[in-house]
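Next come the chains, spelled out residue by residue.
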Amino acid sequence: CVYKNQSQIHIEFNNTNIAKMEELFFKGELENAIIVDGLCGTGTLGMLCILAGSRKVIFNDAWLPALENTILNLKTNSNILGIKINFEKTDHHKLIGDEPVLLASAKGTAQVLVYHGDIRKLDMAVRDCDICLIDTFPAMDPSRFMAACKEISKKTIII
């Protein structure tokens, strides 16, 4: 179950992102990996990584309403994901994030961190990961986020 607040969140469905995630899954690249879902929106790609056996998943977005949905989705699916929220910052109200602020964390089958911030500054909180996922709006050029991902990640995947 994935909640998306339609009045505040861009909603799209693209078969390309499913095919790319399937490819990563079937190649075993998600298993035991550290993943950054850099523009996570409501968290669907990151949750898929948890289900695929990633050992750590870092969710990040600059848009607070998206992250509120991400945290709700992590809570709603916590039994299926095998995680338990152990920290949630509820007094954070800045709508658009700049420097990363940790909003939530969870433990279980994977370590989960949820940051509110500009992906181009995520290196302030994240030092190293195996894969950084970038899923931008269809008309947006993802190259402006590539340099940020290369700073923290061994591999960048544009969804």
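About the cut-offs
- Residues numbered from 1 in each chain as written.
- Predicted model: local features only at pLDDT ≥ 70, side-chain atom pairs only at ≥ 80, totals over all residues.
- Heavy atoms only, no water.
- Helix = DSSP H or I, 4+ residues; strand = E, 2+ residues; numbered from the N terminus.
- Rg over C-alpha atoms; globule rule 2.2 N^0.38 Å.
- Buried < 20%, exposed > 50% of the residue type's maximum accessible area, 1.4 Å probe, protein only.
- Contact = heavy atoms within 4.5 Å.
- Areas by Shrake-Rupley, 256 points an atom, 1.4 Å probe, with all protein chains shown as cover.
- Lys, Arg positive; Asp, Glu negative; His and termini not counted.
- Charge placed at Lys NZ, Arg CZ, Asp CG, Glu CD.
- Patch = residues over 30% accessible without salt bridge, like charges linked within 9 Å, V, L, I, M, F, W, Y side chains within 5 Å.
- Salt bridge = Lys/Arg side-chain N within 4 Å of Asp/Glu carboxyl O.
- Pairing = 2+ DSSP bridges.
- Axes fitted to C-alpha atoms, helices over the stretch in contact; angles between N-to-C directions.
- Phe/Tyr/Trp six-rings, centres within 6.5 Å; stacked < 30°, edge-to-face > 60°.
- Core = buried A, V, L, I, M, F, W, Y, C linked by side-chain atoms within 4.5 Å.

Undergrad: How should the overall build of the chain be read in this particular structure?
TA: Along its length, the chain carries 5 helices and 7 strands. Tracing the chain from N to C terminus, the helices and strands come up as α-β-α-β-α-α-β-β-β-β-α-β. Relative to the 2.2 N^0.38 estimate, which gives 15 Å for 159 residues, the radius of gyration of the chain is 14 Å and therefore close to what a compact globule would have. C-alpha atoms of the chain, sized along the principal axes, occupy 40 × 35 × 30 Å. For the chain, buried positions account for 47% of its 159 residues. At a minimum sequence separation of 6, the contacts of the chain that also span at least 24 residues come to 59%. In the form shown here, the chain has an accessible surface area of approximately 8200 Å², with 52% of it arising from carbon and sulfur atoms. Taking the average place of the 17 positive charges on the side chains of the chain and the average place of its 19 negative ones, the gap between the two points comes to 3 Å.

Undergrad: Sorry if this is basic, but what is going on with a nonpolar patch on the surface here?
TA: Nonpolar side chains collect at one region of the surface, where Leu-48, Leu-51 and Ile-80 lie side by side and expose about 300 Å² of accessible area between them. Note that Ile-80 resides in helix 4 (residues 78-81).

Undergrad: Help me out: how do you make sense of the pattern of salt bridges in this one?
TA: Pairs can form between side chains of opposite charge whenever their charged atoms are close. Summed over the entire model, instances satisfying the criterion amount to 7 salt bridges. Note that Lys-154 and Asp-128 form a salt bridge whose closest N and O atoms lie 4.0 Å from each other. Here Lys-154, found in strand 7 (residues 153-158), pairs with Asp-128, found in the loop between strand 5 (111-116) and strand 6 (129-134); they are 26 residues apart in sequence, far enough to count as distant. Lys-154 is paired through a salt bridge with Asp-130; the nearest N and O atoms lie 3.0 Å apart. With Lys-154 in strand 7 and Asp-130 in strand 6, this pair connects stretches of sequence that are 24 residues apart. Under the relative-accessibility criterion, Lys-154 is labelled exposed at 62%. A cluster of three or more residues bridged by salt bridges with shared partners is formed by Asp-128, Asp-130 and Lys-154.

Undergrad: Explain the side chain of Asp-118 here, please?
TA: Among the secondary structure elements, Asp-118 is positioned in the loop between strand 5 and strand 6. Accessibility expressed as a relative area gives 14% for Asp-118, which makes it buried. Among all residues touching Asp-118, those that are not within four sequence positions of it are Asn-60, Ala-62, Gly-97 and Asp-98.

Undergrad: Which parts of the structure should I look at to understand the sheet that holds strand 5?
TA: Backbone hydrogen bonds are what pair the strands of a sheet, in a parallel or an antiparallel way. Read from one edge of the open sheet, 7 strands run 3-4-5-2-1-6-7, paired in mixed fashion. Of all the strands in the sheet, the pair left with one neighbour each is strand 3 (83-88) and strand 7. Strand after strand, the sheet turns through a mean of 20 degrees between neighbouring axes, direction not considered. Alignment of strand 1 (residues 34-37) against strand 6, held across 3 bridges, turns out to be parallel. The residue of strand 6 that forms the bridge with Ile-35 is Ile-131.

Undergrad: I keep staring at the packing of aromatic side chains and nothing clicks. Help me out?
TA: The relation between two aromatic rings is expressed through the spacing of the ring centres and the mutual angle of the planes. One pass over the full model with this rule turns up 1 aromatic pair. Ring plane angle 70 degrees and centroid distance 5.2 Å describe the contact between Phe-25 and Phe-26, whose orientation is recorded as edge-to-face. Residue class for Phe-25 comes out partly exposed when judged on its relative accessible area of 43%. Since its relative accessible area comes to 66%, Phe-26 is described here as exposed.

Undergrad: What should I look at first to understand the nonpolar core in this one?
TA: Across soluble globular proteins, nonpolar side chains have a tendency to be buried as a group. Membership of the largest hydrophobic core comes to 29 residues, with the highest contact counts inside it found for Phe-59, Leu-74 and Leu-133. For this core, the secondary-structure elements that each account for two or more residues are helix 1 (15-26), helix 2 (44-51), strand 2 (56-61), helix 3 (64-76), strand 4 (101-108), strand 5 and strand 6. The residues touching Leu-133, leaving out its near neighbours within four places in the chain, are Met-21, Leu-24, Ile-35, Val-36, Asp-37, Gly-38, Leu-39, Leu-45, Cys-49, Ile-157 and Ile-159. Counting residues in hydrophobic clusters, the runner-up holds 16 residues, among them Leu-39, Tyr-115, Ile-134 and Ile-152.

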